[in-house]
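# Results of the structural survey
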Amino acid sequence: MRLLVVGGYGIFGGRIVQLLESEPRLTLIVAGRGLAKAEAWCKTRIGAAAELVPLAFDRGGDLPAQLSALKPDCVVDASGPFQAYGAGRYRLIEACIAQGIHYLDLADGSDFVAGVSAYDDAARKAGLFVLSGMSSFPVLTAAVVRRLSAGMARVDTIQGGIAPSPFAGVGENVIRAIAGYAGQPVDLVRDGEKVRGHPLTEEMRYTIAAPGKVPLNSTLFSLVDVPDLRALADLWPQAKTIWMGAGPVPEILHRALIGLAWLVRIGLVRSLSPLAPLMHWATNRLRWGEHRGGMFVAVEGVNKAGEAIKRSWHLLAEGDDGPLIPAMAVEALVRKTLDVQAPAPGARAAVRDLELDDYRALFAGKAIYTGFRGDTADVEKPLYPQVVGGAWQDLPEEIRAMHERVGTAEGRGSVERGVGILSRLSGWLVGFPPACADLPVQVRFDAGKDGETWTRTSGSHTFSSRQFVGEGRSQRLLCERFGPLTFAMALVAEQGRLSLVLRRWSFLGLKLPMWLCPRSASYEGVEDDRFRFHVEISHPLTGLIVRYRGWLEPNA
């Protein structure tokens with residue numbers, strides 16, 4: 001199969017080549033206006049099983065002549081920005097249909113993707129698939145909504161967002177697209193009515209938390225102009241609100257962009273397009289934070305009994321694997337076509353052509369984690385299962401039993417204390433027990449609607465703390481309060497353990513910097529069929545503060 005990737009050495013085109021170069025049945029034509037750039041890119045792809053052919057291709061040139069010379073079986077337009085294609089925006093689609101060539105694109109503009117359906121009859125008659133919007137928005141979101149809405153009698157609200165890593169690398173054409181639509185009116189559905197929204201001037205805050213993993217930091221999302229705003233409305237016409245956002249970080253740069261978008265919205269500036277080069281420079285150079293990204297989709301509706309249901313899907317991508325996800329829809333569809341599972345002929349938004357299972361095989365082997373959460377309020381659900389989510393059932397039975405409405409548990413343990421003055425003072429302020437090599441341990445769990453109080457008795461010493469589900473910027477975290485100090489922790493379920501990872505802390509509600517935070521190595525596990533605990537707290541200024549470990553068995 002000969003696959004022509006227009007913009008094949010750009011950000012998204014290059015990632016498509018990277019994902020498909022292991023396929024020996026492919027000839028990948030890496031094309032763009034700069035032949036030297038295409039040749040240089042191909043030279044970096046050492047060990048590719050596919051044949052890589054660098055060629056010059058001008059999307060604004062004589063398309064029939066260029067396509068006739070290259071003879072591709074399928075064209076992938078990964079160039080853009082699609083919002084700026086102008087009056088001849090569908091010239092490449094028209095040329096492909098005329099020459100019997102399948103077509104895919106990564107269009108991110110709602111108008112462009114919606115207009116592709118005008119070529120449906122021509123594509124069907126030619127026996128060709130012409131699929132637009134082959135990216136996370138809207139292909140992956142549509143597949144996720146289908147899964148989340150299973151069993152619902154009605155879908156009322158669909159929300160979603162992508163939070164890229166600050167180190168993902170953003171192409172110039174993507175920035176040009178954002179600058180072009182920032183603050184401009186865009187059609188969407190809100191509260192049951194078709195209204196005009198204004199991208200990057202409408203915000204929401206959300207925490208992406210794949211079950212059993214460390215969540216992303218609470219992220220500010222802004223409305224973006226993506227195909228989902230119309231495509232999902234066509235798939236779920238009963239939905240009263242459909243909202244899609246992006247959550248770029250660092251947040252200070254995001255807020256600066258919001259401010260500029262407001263200048264467009266209120267009419268002080270016609271467009272941010274002249275600032276696109278500056279925005280591109282800032283996005284790719286002024287970056288800090290965690291090299292992690294993610295995505296969420298949340299659906300609200302009702303079941304057949306009329307009861308409200310809230311569900312969400314979360315994706316977490318570590319390191320360099322996250323930036324590959326927008327190109328995976330093309331990878332999945334090309335691989336299916338090679339396996340004689342080509343999509344049906346026709347021209348349309350690609351919202352029905354892939355399912356979540358098609359993505360799972362592509363996520364495997366990469367640091368990409370996904371999972372579902374039931375967000376319907378359930379006061380009867382114990383604290384820890386609420387926070388962990390769908391990964392709770394993967395934990396050993398001994399760990400789960402300790403957190404599912406156990407009144408008390410007893411066992412034995414040991415306590416080590418730091419010897420420095422600051423260490424001993426810190427331990428005294430919190431109320432940690434004195435050092436002892438072996439002593440009886442009892443924990444009483446008093447559960448209420450707003451959390452649990454843990455009263456720990458080690459020998460003759462007793463101290464307690466309050467645990468509860470975090471809110472606001474501590475959403476999806478377990479919070480534990482010791483007097484004036486509150487620690488917000490991620491519950492990480494991996495390799496048969498439940499680890500507690502510190503993410504935030506505060507004093508009397510005032511957030512404190514993490515570089516001042518005590519260090520913690522705390523986890524629960526199972527050994528010799530017994531629940532085991534290990535808690536170690538230290539600080540660079542004090543050294544070890546306390547280390548207590550042992551085993552517990554729940555009382556009947």
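Structure: above.
Summary of the structure given here.

Analysis parameters
- Residues numbered from 1 in each chain as written.
- Predicted model: local features only at pLDDT ≥ 70, side-chain atom pairs only at ≥ 80, totals over all residues.
- Heavy atoms only, no water.
- Phe/Tyr/Trp six-rings, centres within 6.5 Å; stacked < 30°, edge-to-face > 60°.
- Helix = DSSP H or I, 4+ residues; strand = E, 2+ residues; numbered from the N terminus.
- Buried < 20%, exposed > 50% of the residue type's maximum accessible area, 1.4 Å probe, protein only.
- Lys NZ or Arg CZ within 6 Å of the ring centre and 35° of its normal.
- Salt bridge = Lys/Arg side-chain N within 4 Å of Asp/Glu carboxyl O.
- Pairing = 2+ DSSP bridges.
- Axes fitted to C-alpha atoms, helices over the stretch in contact; angles between N-to-C directions.
- Contact = heavy atoms within 4.5 Å.
- Parallel < 35°, antiparallel > 145°, perpendicular 65-115°, else oblique.
- Left-handed = near helix turned anticlockwise from the far one by under 90°.
- Nonpolar A, V, L, I, M, F, W, Y, C, P; charged D, E, K, R; others polar.
- Patch = residues over 30% accessible without salt bridge, like charges linked within 9 Å, V, L, I, M, F, W, Y side chains within 5 Å.
- Areas by Shrake-Rupley, 256 points an atom, 1.4 Å probe, with all protein chains shown as cover.

## As for the packing of aromatic side chains
Tallied over the entire structure, the rule returns 17 aromatic pairs. Their ring planes at 15° and their centres at 5.9 Å tell us that Phe487 and Trp505 sit as a pair that is stacked. Taken as a pair, Phe487 in strand S22 (residues 485-494) and Trp505 in strand S23 (residues 497-507) lie far apart in primary sequence, 18 residues in all. The residues Phe487 and Trp505 share a single accessibility class, namely buried. An aromatic cluster is built from Phe432, Phe463, Phe482, Phe487, Trp505, Phe533 and Tyr548, whose rings are joined through pairwise contacts. Positioned above the aromatic ring of Phe12, the side-chain terminus of Arg15 is 5.7 Å from the ring centre. A cation sits over an aromatic face here: Lys213 above Tyr369, 4.2 Å from the ring centre.

## Concerning the pattern of salt bridges
Applying the stated criterion to the full structure yields 34 salt bridges. The residue Glu331 makes a salt bridge to Arg335 at a minimum N-O spacing of 3.1 Å. You can see Glu331 and its partner Arg335 sitting in helix H12 (residues 328-338), four residues apart, about one turn around the helix.

## Digging into the sheet that holds strand S6 (residues 129-132)
Reading across from one edge, S3-S2-S1-S4-S5-S6-S15 is the order of the seven strands in this open sheet, with parallel pairing throughout. Single-partner strands in this sheet number two, and they are strand S3 (51-56) and strand S15 (346-349). Sheet twist, expressed as the mean angle between neighbouring strand axes with direction ignored, is 15°. In this structure, strand S5 (residues 102-105) lies alongside S6, joined through two bridges in parallel fashion. Bridged to Tyr103 within S6 is Val130. Its contacts with the sheet place helix H3 (residues 63-70) against strand S1 (2-6), strand S2 (27-32), S3 and strand S4 (74-77), and it is angled at close to 145° to S1.

## Remarks on the packing of helix H8 (residues 172-181) against helix H11 (residues 276-285)
Here H8 crosses H11 at 125°, and the two axes come no closer than 9 Å. The orientation of H8 with respect to H11, classified from their angle, is oblique. Viewed along their axes, H8 and H11 form a crossing whose handedness is right-handed. Facing Glu172, Ile175, Arg176, Ile178 and Ala179 of H8, the residues of H11 in contact are Ala276, Met279, His280 and Thr283. A breakdown of the residues in the contact of H8 with H11 according to their chemical character gives five nonpolar, two polar and two charged.

## Things to note about a nonpolar patch on the surface
A grouping of Ile252, Leu275, Leu278, Trp281, Leu286 and Trp288 is seen on the molecular surface, where their side chains present a nonpolar patch of about 610 Å² in accessible area. Accessibility expressed as a relative area gives 35% for Leu286, which makes it partly exposed.

## Brief notes about unusual backbone geometry
Note that the residue after Phe137, namely Pro138, is joined by a cis bond; omega there is 10°. With respect to the helices, strands and loops of the structure, Pro138 is situated in helix H7 (residues 136-148). Of note, the bond from Val249 into Pro250 is cis; its omega dihedral lies within 30 degrees of zero at 5°. The topology assignment puts Pro250 in the loop between strand S12 (241-246) and helix H10 (251-265).

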